[in-house]
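As a plain string of letters, each chain reads:
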Amino acid sequence: GAGVSQTPSNKVTEKGKYVELRCDPISGHTALYWYRQSLGQGPEFLIYFQGTGAADDSGLPNDRFFAVRPEGSVSTLKIQRTERGDSAVYLCASSPESSGYNEQFFGPGTRLTVL
Amino acid sequence: DQQVKQNSPSLSVQEGRISILNCDYTNSMFDYFLWYKKYPAEGPTFLISISSIKDKNEDGRFTVFLNKSAKHLSLHIVPSQPGDSAVYFCAASPNTGNQFYFGTGTSLTVIP
């Protein structure tokens, strides 16, 4: 079946611009996660959705970052006034209730470059 | 503050030998641990997991060992195969469905 997909695969933007990154989770997965991976680091938790609601957004670095999941499926990560330090690979993962939400299926990521 | 640490950034092993990847954590509230494998330009893929009520979990060539008193886990791959060459991340969670904390990864190269 189809896995987690993320679009775009690459995004280059200028400092100060607004960007949106999209995640399509595996159908039926109620949990959805966003992570950020900088060069040489492991994925860093940003936010976790259970259904439509953000169950834990403690990883969002500041108020320039916001994420939504209005219908409990597709999610969009929004970054305002981008900074060069936002450059990273943004990973999305989804998880089914059947695994107790312990197994996460990752998408290929969106590589964001802020010039 | 890195709560999950993988102190070896890289490891090279001959094909057929055992690969041992190590991971240390600091948070005693972690009770679920996972290993992920990542190829370039792909997202991490789940490999094997272990809960804190166990000290060993085995799946084919992959075995994870957990030493709670030392806050240490390891992944053993035996026999190692060239297709195992990838970056391996360990991750830990304090409870089900919550955020996972990842290590910085170990790049494994299996030499044919």
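These notes cover the structure that comes with them. (Residues numbered from 1 in each chain as written. Chains lettered and ligands numbered in written order. Predicted model: local features only at pLDDT ≥ 70, side-chain atom pairs only at ≥ 80, totals over all residues. Heavy atoms only, no water.)

### Remarks on the packing of aromatic side chains
Keep this limit in mind: Each aromatic pair joins two rings of Phe, Tyr and Trp (for Trp, the six-membered one) with centres within 6.5 Å, and gets the label stacked for planes under 30 degrees apart, edge-to-face for over 60, and tilted for any other angle. Labels follow the DSSP assignment, with helices taken as runs of H or I lasting at least four residues and strands as runs of E lasting at least two, numbered in each case from the N terminus. Only protein chains enter the accessibility calculation, which uses a 1.4 Å probe; a residue whose area is less than 20% of its type maximum is buried, one above 50% is exposed, and one in between is partly exposed.
Tallying each qualifying case throughout the model produces 14 aromatic pairs over all chains. On the basis of an interplanar angle of 70° and a centroid distance of 6.4 Å, the ring pair of Tyr33(A) and Phe100(B) is categorised as edge-to-face. One end of the pair, Tyr33(A), is in strand β4 (residues 31-37); the other, Phe100(B), is in the loop between β9 (86-93) and β10 (101-102), on a second chain. In this pair, the class of Tyr33(A) matches that of Phe100(B), namely buried. Summarising the aromatic geometry, the rings of Tyr35(A) and Phe106(A) are spaced 5.5 Å apart at their centres and angled 45° between planes, so their arrangement reads as tilted. Separated by 71 residues along the polypeptide, Tyr35(A) in strand β4 and Phe106(A) in strand β10 (residues 105-106) bring together distant segments of the chain. Overall, Phe106(A) belongs to the buried group, its relative accessible area being 11%. Aromatic ring contacts, followed pair by pair, group Tyr33(A), Tyr35(A), Phe45(A), Tyr48(A), Phe106(A), Tyr36(B), Phe46(B), Phe89(B), Phe100(B) and Phe102(B) into a single cluster.

### Brief notes about a nonpolar patch on the surface
Cut-off, in case you're wondering: Nonpolar side chains (Val, Leu, Ile, Met, Phe, Trp, Tyr) are joined into patches within 5 Å and like charges within 9 Å, using only residues with over 30% relative accessible area and no salt bridge. The method behind every accessible area is Shrake-Rupley, applied with a 1.4 Å probe, and residues are considered shielded solely by the protein chains displayed. We count a salt bridge whenever a side-chain nitrogen from Lys or Arg sits within 4 Å of a carboxyl oxygen from Asp or Glu.
On the surface, a nonpolar cluster with roughly 230 Å² of combined accessible area is contributed by Ile18(B), Ile20(B) and Val78(B). Checked against the element boundaries, Ile18(B) lands in the loop between β2 (10-14) and β3 (19-25).

### Considering the nonpolar core
Operational definition: Here the nonpolar core consists of buried residues drawn from Ala, Val, Leu, Ile, Met, Phe, Trp, Tyr and Cys, with membership extended through side-chain atoms lying within 4.5 Å. Contact definition: two residues touch when any of their heavy atoms are within 4.5 Å.
Among the nonpolar cores identified, the biggest contains 23 residues, and Phe33(B), Trp35(B), Leu73(B), Leu75(B) and Tyr88(B) are the most heavily contacted of them. The contact partners of Phe33(B), leaving out residues within four places of it in the chain, are Tyr25(B), Ile48(B), Ser49(B), Ile50(B), Leu66(B), Leu73(B), Ala91(B) and Ala92(B). Of all hydrophobic cores here, the second largest spans 20 residues; its members include Ile26(A), Leu32(A), Phe49(A) and Cys92(A).

### Section: the state of the cysteines
Residue and element names in this part refer to chain A. The test is simple: Cysteine sulfur pairs qualify as disulfides if the two atoms are within 2.5 Å.
This structure, assessed with the given rule, holds 2 disulfides over all chains. Residue pairing for Cys23: its cysteine sulfur links by disulfide to Cys92, the two sulfurs lying 1.8 Å apart. Disulfide Cys23-Cys92: the torsion about the S-S bond is -65°, which places it as left-handed. Note that Cys23 is positioned in strand β3 (residues 19-24) and Cys92 in strand β9 (residues 88-95), a separation of 69 residues in sequence.

### Structural notes on unusual backbone geometry
With an omega of -10°, the peptide bond between Thr7(A) and Pro8(A) qualifies as cis. One can find Pro8(A) in the loop between β1 (5-7) and β2 (10-13). Omega for the bond connecting Val78(B) with Pro79(B) falls within 30 degrees of zero, at -10°, which places this linkage in the cis form. The phi dihedral of Arg81(A) is positive, around 45°, even though this residue is not glycine. Its location among the elements puts Arg81(A) in the loop between β8 (75-79) and β9. Classification of Arg81(A) as partly exposed rests on a relative accessible area of 47%. Of note, Lys71(B) is a non-glycine position whose phi angle comes to about 50°, a positive value. Relative to the helices and strands, Lys71(B) is located in the loop between β7 (62-67) and β8 (72-77).

### Digging into the environment of Pro61(A)
Residue and element names in this part refer to chain A. Locating Pro61 in the fold gives a position in the loop between β6 (53-56) and β7 (65-68). Put simply, Pro61 and Leu46 are 15 residues apart on the chain and 7.6 Å apart in space, counted from C-alpha to C-alpha. Ignoring any residue separated from it by four or fewer positions in sequence, one finds Pro61 in contact with Arg36 and Leu46.

Note that all results are geometric; they support no functional claim without further evidence.
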